[in-house]
Each structure stands twice: as structure tokens, then as C-alpha cells.
Amino acid sequence: MIIDGKKAVWKDYQKEIADDRYYYVRSCVRQNFFPGSETAFLKIMREELNKDVYEHPCHTSCSGIGYHSDIVPVETTMTVVARQFAIMTEAGYENLMPSCITSFGLYTEILDTWHHFPEVEEKIRKQLKKATGREFDKPKNLAHASDVIFKFRKEIGAKAKYKLINKNTGEPLKVVDHIGCHYAKMFPSKGIGGAEYPYVLSGMIEEWGGQVIDYPERRHCCGFGFRQYLVQANRGFSIACSKEKFESMKPFKPDMIITNCPGCPMFLDRWQYVINEMEGKRYGQNGEGIPVFTYEEVAGLVLGYDPWDLGLQMHQTDCEPVLDKIGIDYSPEDKYNLETVSAFSKSLV
Amino acid sequence: MNKHVIVIGGGVAGLEVAGQLSNMGIEVSLIEKEPKTGGHLNKWYKLFPDRRNSSEVQSYLARIVHNNRIKLLTNTTIEKFKKGRGHFYVTTNNGEVLNADAVIVATGFDLFKSARKEEYGYGIYDNVITSADLEEKFQKGDIILKNGAVPETIGIIHCVGSRDEKVGNFYCSKLCCVTAVKQAIEIREFLPDSKVFCFYMDMRMGGAFYEELYREAQEKWGVSFIRGKVSEASETIDNKLTIKVEDTLAGRPLKMKLDMLVLMAGMEMSEGGVRVAGIGGLKTGENRFFAAVDNHTGSNRSNIEGIFYAGTCTAPMNITETISHARAAVVEVIDYLKDGK
Amino acid sequence: MASNKNKFGFDISLGRQINYDANNRNIAEYLFDKEPSMRRCIECGGCSATCTTAGFTTFSLRELMILIKRGETDEVYMNLKKCMLCGKCTLVCPRGVNTRNIIVLAKKAFQKSDEYAI
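None of the values given here were measured: they were computed from a predicted structure.

About the criteria used
- Residues numbered from 1 in each chain as written.
- Chains lettered and ligands numbered in written order.
- Predicted model: local features only at pLDDT ≥ 70, side-chain atom pairs only at ≥ 80, totals over all residues.
- Heavy atoms only, no water.
- Contact = heavy atoms within 4.5 Å.
- Buried area = accessible area lost by both parts, 1.4 Å probe.
- Salt bridge = Lys/Arg side-chain N within 4 Å of Asp/Glu carboxyl O.
- Domains from an automatic or database assignment.
- Polar contact = N/O pair within 3.5 Å; in protein donor to acceptor, adjacent residues only side chain to side chain.
- Helix = DSSP H or I, 4+ residues; strand = E, 2+ residues; numbered from the N terminus.
- Nonpolar A, V, L, I, M, F, W, Y, C, P; charged D, E, K, R; others polar.
- Pairing = 2+ DSSP bridges.
- Axes fitted to C-alpha atoms, helices over the stretch in contact; angles between N-to-C directions.
- Phe/Tyr/Trp six-rings, centres within 6.5 Å; stacked < 30°, edge-to-face > 60°.
- Buried < 20%, exposed > 50% of the residue type's maximum accessible area, 1.4 Å probe, protein only.
- Lys NZ or Arg CZ within 6 Å of the ring centre and 35° of its normal.

Chemist: I'd like to hear about the interface of chain C and chain A, residue by residue, with values.
Modeler: The interface is formed by 10 residues belonging to chain C together with 14 residues belonging to chain A. With both chains or domains summed, chain C and chain A bury close to 1,100 Å², and 66% of this area falls on carbon and sulfur atoms. Contact with chain A buries area across many residues of chain C, yet Phe 8, Phe 10 and Ile 12 of chain C alone supply 58% of it, more than any other trio. Viewed at the interface, chain A and chain C are joined by one salt bridge. The salt bridge partner of Lys 7 of chain C is Glu 277 of chain A, with a shortest N-O separation of 2.7 Å.

Here it is, written out as C-alpha cells:
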């Protein structure tokens, strides 16, 4: 591998990311999958980085999950998205920052569609006005929340309590980065590093002390695919995709996986359990699984947040092996103890 | 005929034009941006379809340069261009102003920059090389991997930068298929124990004796041809390459490990040509090559009277076609000069 | 392996990729050796177009030859038996591949397992 070659590709895919004053739209599924992630993100943005992040209780799912499941027609989805824009506009914000990769991809796709077909935008404006009385401006800047963490990775690194380094060996942890398909595969120019060698998570890993693993099936989809998973009969295909990835990354002995999509960590985490149940196979070291994290969770760990505050007890593949390698201070007996939860965790409820 | 013609570009086409004009007693100035004439040919080992040594054609062209009636300006580019009363005034980067009766543009082609097909990892993966890199290895007689080992399985990807909307090239570069076949045979000659696989979209064996060479590659050299566009390459833990392709004729996706991957880089309008087009106000086509006024009966004539094209600056061509096209350009120039404009 | 259908309602799908490195191509090597004209095939499908059997069954000599070359031979032998050895495929082949002999040899190769084990 010639790292300078990769750096040259990364240079070709820079994107503009707003500095401050973000309108944050949550994912519809992440709060169930990995409930600490978005809370940790807001804490990092507001308390560690002193950024203005605005949220509105009336924003909804972008309906992308329905769109990608062939349930919601695209025009309906566009109108729902237009309503999110309207809420942003009414609050006086211009920088849209979605939590979800599919939302990010969908917003990008819709803005691009409107760019090429202004008559569609006009129609959606009329529909929104008729249905809700609302009007909107399009966002000036659209960046996924992981783009924003990438932008401030050095600031986070500077405050780090822990590094992604094995405390016993002093070696960097071997980290697999998995990028949600809708981040850059549809619009490579909208992703940091492009679609073939995305840099958004690699940049965080490097900055926080880890070593990125480039394994052959790195670009492979996790297999979620919405309707592929949602229909039980199709799940064999969905899990086979994740298995393909695990088989491919196993020889590199990864210590952990880091993701930036709602679905990927869910499936890379849960499918490890299912594969083990079905075939008795595990892909980590010492007969363990490979712990899977969201980038917010990793940022939180680096900053020294309590693992249980970050919701790591919700992972099906135990994350303790990585916590131990890094040397993170945590209380094993409090993993499921609701009595000891901090104010931070309570804010989740 | 007491006339002066400027030829821009000292590759196959430019040298042929210069030599022929000079033989007819016309004063020629040949402008070449590199320190040496010969163009891409200098880097090539053997030529398809008969696999003669490229040095034979090189020495034919070199004899032209030694013709003392040609004023050779190497390390020279064009900065300014002016047409007035049937005369062309060309200012070079050295500040010299040349005055000519006609100009022949023979700026040739550039090889497609293979790193643009990011999914193949040229410049990133250790053992992904281009067709041009392989010719260099042939010349050295050293077909080895980055770690010094001898490759056992070699994959050749056709159409890299050709017939590919994603890089803005709709057209076929025409020579890469036969180059792949030639190189596959040469790899087998150098490395008799190797296995070679060509991944192609179509086998475009349109030239004389190309199809025969293809047949020889299959029959005599056991080269495997798999129809399908490779979608991506990755590096494995043991420093091999793994590729994904659909075997379209089996109707199934296929994956395999290879030691080395050779990318058949296509041909693009040269950067030098783009500059000359801009300076001279010359029209280019949708494929970005120079656009001749008539594809059938005037493929040497430009949109400006007195400026002519020769060779691959107008479209991908092999050497035979390039030399024919160059000679046709000479006829056009003579016609033009004779008419006394 | 016992099915997981009862436990989870689904199994892990098997890949349908041709895993070239994992496959055994002994039959292909045998055919290339005994009938070198097979190397010349360019997959034009002339043989299958004219084939009497192909018109009425899923038999396609072009496809079978490619599967043999890739080492995907699980269902090839059963399919080869459909050929009626009429010889029209050999008549039309533009590359002079002795298709009829390939079928005869392939059947033989699948039958004997000593020299070229399947």
C-alpha cells in the first residue's frame, strides 16, 4: 500500500463544512439502536466544542427508511424533507447537519434533483405550502454529523483523555472503518475522501491514535439494505453481506470497527451474535467478537466519557475487550445497573 | 518551392510530416516540448501486430531528424500564435518568433491517467501498473513485483479510461485491446510459468492481423479472456490483489487473486494539444481531440486555413494509420502552398 | 450443517460468486490438453444457436465450456448427457473448435477419476 497515493485521492475530495450554527436532524432509528450516540454528539458539540446546535422537537423522520423500503413515494419524501428545511428556515439556521447517513444521502439526492429539475422543487414548494402553510430556504451547507466531527477531530484529539492505543503494547489499535453506502457512493464529491477511499472516519482514527485497516471488502455494504433486512425471508442475504466483510477483515486482526451510519453498526454488531449462534464462528481475538462503535461513541471514549453513559451496554458484541486494551476506567458491575446512572444517562430517557 | 512550414510535435506524426516535407525541399521547423523527439514510441518495447522491435521504427524516424534541412527546436513550446496575410507568426517559450506559410499540428495524445480510475488503486496498491509501465519492464527485461518476486498470475484490465462515461470518455481508444493481447503474449514469453487473464468488455480486433494475434494468444500462449469490466481491486494481507468482475458470459460474478494488475490506459487529447487549441483558436470535438473539417475527405484540415492536423491529435490511431495520416497531411499542405494562397 | 431456519427464520445465503482460486479446473486442463482447439473459443454462441438440444432444454455448450473453464462443474456432467452428438455445432464454429470431440472427452473426463480427479 502506498499511503501517498491515498493522500492524493483524499486531496481531490475536500468539502466545505460549516463552522458553527448547525440545525441538527436526528435519525429515526439510532436512538433505539445506539441510544447514547446522539446525546454524546450533542454534548461534544455544545460542551466540548462550544458550538451552537439547534434541534426542534417537531422534526420528523426524513422518511428515507420508507423511501428505501419502497413504501413511501419519492414526492412524499421530498415534501417531508421540505418540511425539515422549513423548520430550519423558521429558526434562522442555514447549515443542515443530519445524524443519519441515509438522510444525508437523501438530502443530497433531493437537492441535486431540484438543481436539475427546478420544476420539481416548485411543485414540492406548492405541496408543502398547501399542506402545512410553510415555506423554506434550501440549506447553505449540508454536512453529515461525522463530517463535522471530522472537521473538529484535532480539537477533540487535543482534549483526549485516552488514545486508540493498546496500553500494554503501546501499539496503535487496528481499526476498521465502515462507511455507510449513502455517504458517498451516490455522490462521491460530497464525501470527505470520495467513495473509494473515504477519509471521514480514517481521519478520526489516525488523529486519535489508531491505525486504519484496509481490507479487501472494505467497500462492501453491511447488508442492511432496508427492505433486504425488513423482510425476514431476505435476511439470509443481508447477514451474508456482513459475513463476507468479517471473513475479509479477520486476517488483519482488527481490534474494533467504527461506523458512521445508523444501520451498519447495528448489523455489524448484531450479526456477529447471529453468525456465532448459527455457525459457532467469532471474528475477533481470543474467541471474542469484534466490538463495533459509532464514531460518536469513539469520540466520547476518547474524551473520557463513561462507557455506560455512552450506552455501550446496548451493544450485543461486548465492547469490554477494547475498553481494556485502551485502559479505560469503567465499572463492570454497573454495566446494567440503572441505579447508578449519571445525569448524562438520565438525559437519554 | 521556397516555403516554410512549422510542425508542432515531434512524435511519429510530426517526424513523418517534417521528413516528407523536407524531402520535397520545403523548409521545416519542428517544435518539440521534450528534450528528445520520438514521443510515446521511445517508451515502447515491441509493436503489434507483428511484434517487431519498436527501435526499428524509431531509427526510421531518427533518420528524419538528422536531415539537416529540418530546424529542430526541442524543449520548446508555443506561447503565442498570430495569423496575418497568409503568414503565421509563432512565438516560442524561448522568445523566438517563427514566421511560416503553414502550420501542421501533430501534438499527439496523452495516456489516460490511470489513477483517475480510483477503484483500481493505481498509485495506491503496490502491484497495479499501466500498459506503459509494463513496456518499461519489458525493456529492462525485468518483470517483477515491488517486493522483487516474480509474478505468477497477472490480470490485464482493458478499457481503462476508454468507453467510460465516468471519466468523460465515451470513445474507444482502439489500440488497447491489441496492446493487451500483445502484452499478454510477451508476459508469457518472459514468464513461461505465469498465467495471464484479460478482462475485456469487447475484443476490438479491427486492425490487420489483430484477430490472428488474439487467436495466437489463446491457442499458443493459453491466455484466458474473461468478458467483464473489473469493478474494483483491493490489496490482500499477503500483498496480492483481489478483483471483482462479472464473468458476463457465465452470468455470474467472479473474484480472484492476482499478483499483478496491468491497466490498459486509453488515449486522450494531449495537454499540449489542449494548449495549442486554446492559443490557435482551433476547434475540438466532443471527445476533446482536434476536430477536422470533414471526417471523410478532410481529416487533416482544421477550421483555420493553412493549419493542418497529423496523427493522433485528431483521434486514437496506430502507427500505420498515424504515418498514413501524416503523409496525407503533407499532400494537403503542398496543395495549399502551391495554390499560392 | 443443520438449517437455522427454525431458530432464526433464515439461513446465511451462500455466495454465488465464482471463487476462481478455490475451484478445481482439472477437467478444463484435460480438455485443453486433449483437444487444444477449445482454447480458441471466443464464446460467440454459434454452437448453442444451432444446437437441436438447446432449442428444447437448458443445454448450452457455450455456457458449459465456460463453466468448465472456471471450474464450476457441479451440474455440467448431467447437462452434457443431453447432447445428441449431431455435430451441427462443429459445422458452424467460426474458430474451428472441435466441439463434438469436447463433449465426448468431457464426458469421459467426468467418468474417470484417476488421472484427472474431479
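Chemist: So what about the domain arrangement of chain A? Which residues, and what values?
Modeler: Residues and elements named next belong to chain A. Looking at the assigned domains, one finds that chain A contains domain 1 (16–145) and domain 2 (159–346). The distance between the C-alpha centroids of domain 1 and domain 2 comes to 25 Å. Contact with domain 1, which involves 31 residues of that partner, is made by 32 residues of domain 2. Both faces considered, domain 1 and domain 2 share a buried interface measuring about 2,800 Å² in area, 71% of it formed by carbon and sulfur atoms. The tally of links between domain 1 and domain 2 comes to two salt bridges. Between Glu 296 and Arg 30 there is a salt bridge whose closest N-O contact spans 2.7 Å. One can count five residue pairs in polar contact (both at pLDDT 80 or more) joining domain 1 with domain 2. Counting only elements with at least two residues in the side of domain 1 that touches domain 2, the list comes to helix H2 (30–33), helix H3 (36–48) and helix H6 (101–116). Among the elements that take part in the side of domain 1 that touches domain 2, H3 stands out by supplying eight residues, more than any other. When grouped by side-chain class, the residues that make up the side of domain 1 that touches domain 2 number 13 nonpolar, 12 polar and six charged.

Chemist: Before we move on, could you go through the interface of chain C and chain B and cite the residues and values that matter?
Modeler: The partner chain B presents 20 residues to the 17 residues of chain C that form the contact. Linking chain C with chain B are four salt bridges. The salt bridge involving Glu 72 of chain C is made with Arg 252 of chain B; its shortest N-O contact spans 2.9 Å. Linking chain C with chain B are 14 residue pairs in polar contact (both at pLDDT 80 or more), by the criterion used here.

Chemist: Break down the sheet that holds strand E7 (residues 87–92) of chain B for me, with residues and values.
Modeler: All names here are of chain B. The three strands are arranged E6-E7-E8 in an open sheet whose pairing can be described as antiparallel. In this open sheet, the two edge strands, each paired with only one partner strand, are strand E6 (78–84) and strand E8 (97–100). For this sheet, the mean angle separating the axes of adjacent strands, direction not counted, is 20 degrees. Pairing between E6 and E7: six bridges, direction antiparallel. If you follow Phe 81 over to E7, its bridge partner there is Val 90.

Chemist: Run through the sheet that holds strand E2 (residues 53–54) of chain A, naming residues and quoting values.
Modeler: Residue and element names in this part refer to chain A. What the four strands build is an open sheet, ordered E2-E1-E3-E4; its pairing is parallel. In the strand order of this sheet, the two ends are held by E2 and strand E4 (141–142), each with one partner. H3 rests against strand E1 (22–25), E2 and strand E3 (95–98) of the sheet, and its axis sits at about 170 degrees to E1. Here helix H5 (residues 74–90) sits on the sheet in contact with E1 and E3, set at roughly 145 degrees to E1.

Chemist: Quick rundown of the packing of aromatic side chains? Include the residues and the values.
Modeler: Under the criterion given, the structure shown has 33 aromatic pairs over all chains. Look at Tyr 229 of chain A and Trp 271 of chain A: their rings are 5.9 Å apart centre to centre, the planes differ by 65 degrees, and that puts the pair in the edge-to-face class. Of the two residues, Tyr 229 of chain A sits in helix H12 (residues 227–230) while Trp 271 of chain A sits in helix H14 (residues 263–279), which places them 42 residues apart along the sequence. With a centroid separation of 5.5 Å and 70 degrees between ring planes, the pair formed by Tyr 171 of chain B and Phe 289 of chain B is classed as edge-to-face. Taken together, the positions of Tyr 171 of chain B in the loop between strand E12 (153–160) and helix H4 (176–190) and Phe 289 of chain B in the loop between helix H6 (271–280) and strand E20 (307–309) put the pair 118 residues apart, joining distant regions of the chain. The exposure class assigned to Phe 289 of chain B is buried, which follows from its relative accessible area of 0%. These aromatic residues form a ring-pair network of at least three members: Phe 224, Phe 226, Tyr 229, Phe 267 and Trp 271 of chain A together with Phe 8 and Phe 10 of chain C. Above the ring of Tyr 229 of chain A, the side-chain terminus of Arg 235 of chain A is found at 4.3 Å from the ring centroid. Geometry around Tyr 214 of chain B places Arg 95 of chain C over its ring, the cationic atom sitting 5.0 Å from the centre.

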